[in-house]
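# Inside the fold
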Amino acid sequence: MGLINWLREQHPFLMHQCFSLPFAFLFYFLAKRRYLSLTYRYLSVSVGGCVLAILTMGVYSALLFTSTFVFMLLVCSVDPRHIHAWVFGVQMSWQTLWHLFIQYREYYLHEPVDIRLFLAVSSLMLHTQRITSVSMDVKEKQVVLVFNSSICKKVSCVKFLPLISYIFNFTTLLGGPLCSYSQFVSHMEGFSLNPPPNPLGVVSLKLLQVLLLEWVRSFLLYFLKCNAYNPSSCTFLYGMLWVWGLAHVLRIQYYTHWRISECLNNAAGLGFFENVSGDSPNWSGLSDGDFWTIEASSRISDFARQWNTTTASWLRRLVYIRCKHFRLFMTFGFSLWWHGLHLGHFVGFLTWAATVKADYYIHRFLHPKLSSRWKQLLYTCLSWINTQMIVTCVVIAVELRNMSGLGLLSITYVGLIPLSNIIVLFVFLKKQTG
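## Describing the nonpolar core
Within the largest apolar cluster, 70 residues are counted, with the highest numbers of intra-cluster contacts made by Met 57 and Phe 71. Here this core gets 10 residues from one element, more than from any other, and that element is helix H6 (residues 115-139). Ignoring sequence-local partners within four residues, the contact set of Phe 71 consists of Val 87, Ile 131, Val 134, Leu 163 and Ile 167. Of all hydrophobic cores here, the second largest spans 39 residues; its members include Met 240, Val 243, Ile 396 and Val 398.

## As for a nonpolar patch on the surface
Residues Phe 236, Leu 237, Leu 241, Tyr 413, Leu 416, Leu 419, Ile 423 and Val 427 make up a contiguous nonpolar surface patch of about 790 Å² in total accessible area. Counting residues per element, the ones that place at least two in the nonpolar patch are helix H11 (236-267) and helix H19 (416-433). Structurally, the position occupied by Val 427 is in helix H19. Val 427 sits in the partly exposed class, given a relative accessible area of 45%.

## Focus: the pattern of salt bridges
Summed over all chains, the structure comprises 14 salt bridges. Here Glu 111 and Arg 105 are joined by a salt bridge, their closest N and O atoms 2.9 Å apart. Of the residues examined, Glu 111 reaches a relative accessible area of 36% and is grouped as partly exposed. Looking at Arg 105, the relative accessible area reads 18%, which means it is buried. Close ionic contact of Asp 359 with Arg 299 constitutes a salt bridge, the shortest N to O distance being 2.9 Å. With Asp 359 in helix H16 (residues 343-366) and Arg 299 in the loop between helix H12 (291-295) and helix H13 (300-306), this pair connects stretches of sequence that are 60 residues apart. What makes Asp 359 buried here is its relative accessible area of 7%. What makes Arg 299 buried here is its relative accessible area of 15%.

## Considering the packing of helix H17 (residues 373-400) against helix H18 (residues 403-411)
The interhelical angle for the contact between H17 and H18, taken along N-to-C directions, is 155°, at an axis separation of 7 Å. Comparing the axis directions of H17 and H18 gives the class roughly antiparallel. Two packed elements cross with a definite hand, and for H17 against H18 that hand is right-handed. Counted together, Cys 393, Ile 396, Ala 397 and Leu 400 of H17 and Ser 404, Gly 405, Leu 406, Leu 408 and Leu 409 of H18 form the full contact between these two elements. For the contact of H17 with H18, a count of residues per class yields seven nonpolar, two polar and no charged.

## Let's talk about helix H5 (residues 83-108)
The α-helix winds at 3.6 residues per turn, so residues separated by three or four positions along the chain end up facing the same way. Here H5 spans 36 Å end to end across 26 residues, near enough to the 38 Å set by a 1.5 Å rise per residue. Downstream of H5 by one or two residues, His 110 has phi in the positive range, about 55°.

## Thoughts on the environment of Met 57
Relative to the assigned elements, Met 57 resides in helix H3 (residues 38-57). Sequence spacing of Met 57 and Trp 86 is 29 residues, and the spatial spacing of their C-alpha atoms is 27 Å. Ignoring any residue separated from it by four or fewer positions in sequence, one finds Met 57 in contact with Leu 64, Arg 116, Leu 119, Ala 120, Ser 123, Leu 173 and Leu 174.

Conventions used here
- Residues numbered from 1 in each chain as written.
- Predicted model: local features only at pLDDT ≥ 70, side-chain atom pairs only at ≥ 80, totals over all residues.
- Heavy atoms only, no water.
- Core = buried A, V, L, I, M, F, W, Y, C linked by side-chain atoms within 4.5 Å.
- Buried < 20%, exposed > 50% of the residue type's maximum accessible area, 1.4 Å probe, protein only.
- Helix = DSSP H or I, 4+ residues; strand = E, 2+ residues; numbered from the N terminus.
- Contact = heavy atoms within 4.5 Å.
- Patch = residues over 30% accessible without salt bridge, like charges linked within 9 Å, V, L, I, M, F, W, Y side chains within 5 Å.
- Areas by Shrake-Rupley, 256 points an atom, 1.4 Å probe, with all protein chains shown as cover.
- Salt bridge = Lys/Arg side-chain N within 4 Å of Asp/Glu carboxyl O.
- Axes fitted to C-alpha atoms, helices over the stretch in contact; angles between N-to-C directions.
- Parallel < 35°, antiparallel > 145°, perpendicular 65-115°, else oblique.
- Left-handed = near helix turned anticlockwise from the far one by under 90°.
- Nonpolar A, V, L, I, M, F, W, Y, C, P; charged D, E, K, R; others polar.
- Expected span 1.5 Å × (residues − 1).

Geometric descriptors of this kind do not, in isolation, establish any biological role.
Take a look at the structure:
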């Protein structure tokens, strides 16, 4: 009971994902043994998602049901050429309303917010990804809104049951990662044609990685508590290292959340791609990123591309390629809107956008001058340190959300590093315009 209580208090998402694993394995077993037809597979994942939403969010699960009901009305009534604009506007308005309600409770009324509301709004954000992904597919004619089975044999189309299953799939309801509607249908139909191999081994390995990451996070958190930063008695370097460690504690929560979400999808048989070369089975079809790959990024632009890869791809498709001007800042600006419009979000995401833009100019200017191996190595090391400090500032600002995070960055002087990058950006822009 101690472990369960600790999970409930510290990691509600992690707890719910872990408790869903047996049901994911059960779904895989029944589907592979042909006990579930395609229709019953869709029903299983959608009913499982609805039950999970009610159990974890209580009355606030109505946020998701309302959103889905309105989306289905739009699907049935709006011209496919205009459906994305309607879906995007309605869904983002609904999500923003609840983000502002949370801020009203926190900052104006100074009342604690129910954890179930946080779970519901977080799930609503993932809901927005899936719904807008479908609406973009329809607008770009990658799928067709035809609810006629005879026509659907000839074209890739959206049917009610698969669509609802895609939106309420219990394996992605709380934690992603995002996959396209076509990819989801392909996975579900694959059980009849070529079922994936037993996922027990890969799920066990990924669960071990989750435990290892949580052990590292707990150790770091214990060390930071025992050696708390005191501005009056600690050195400048100690302050920077302490905040860097705190940012890693916050980032590891994301890594464990992504990995346990992968486990849940893999346990249900989702995310498998057969290797043509005959190598070991590839279960990385649904992944938001790898700890080592992301943390080894020596450029902030590379870090941005590797971080939460399915969301990054969604933002690129939704905003970046559709904007004609200021693509980078529009993409990060939408991201802060999607995340909730807290003060820390404004500072964090706009800083991230500016430093990514600065990284392009700096790399373009310095890369041709790196003639020798030692210069390249030195540049890579300094660039990695710069990237880590920028990410530290972004994570602290975004995760702490309010003035406490910004105050911590100012007293430890960590904020000077992204500030220097932004100054360099203005220098390059001035040279370019001059």
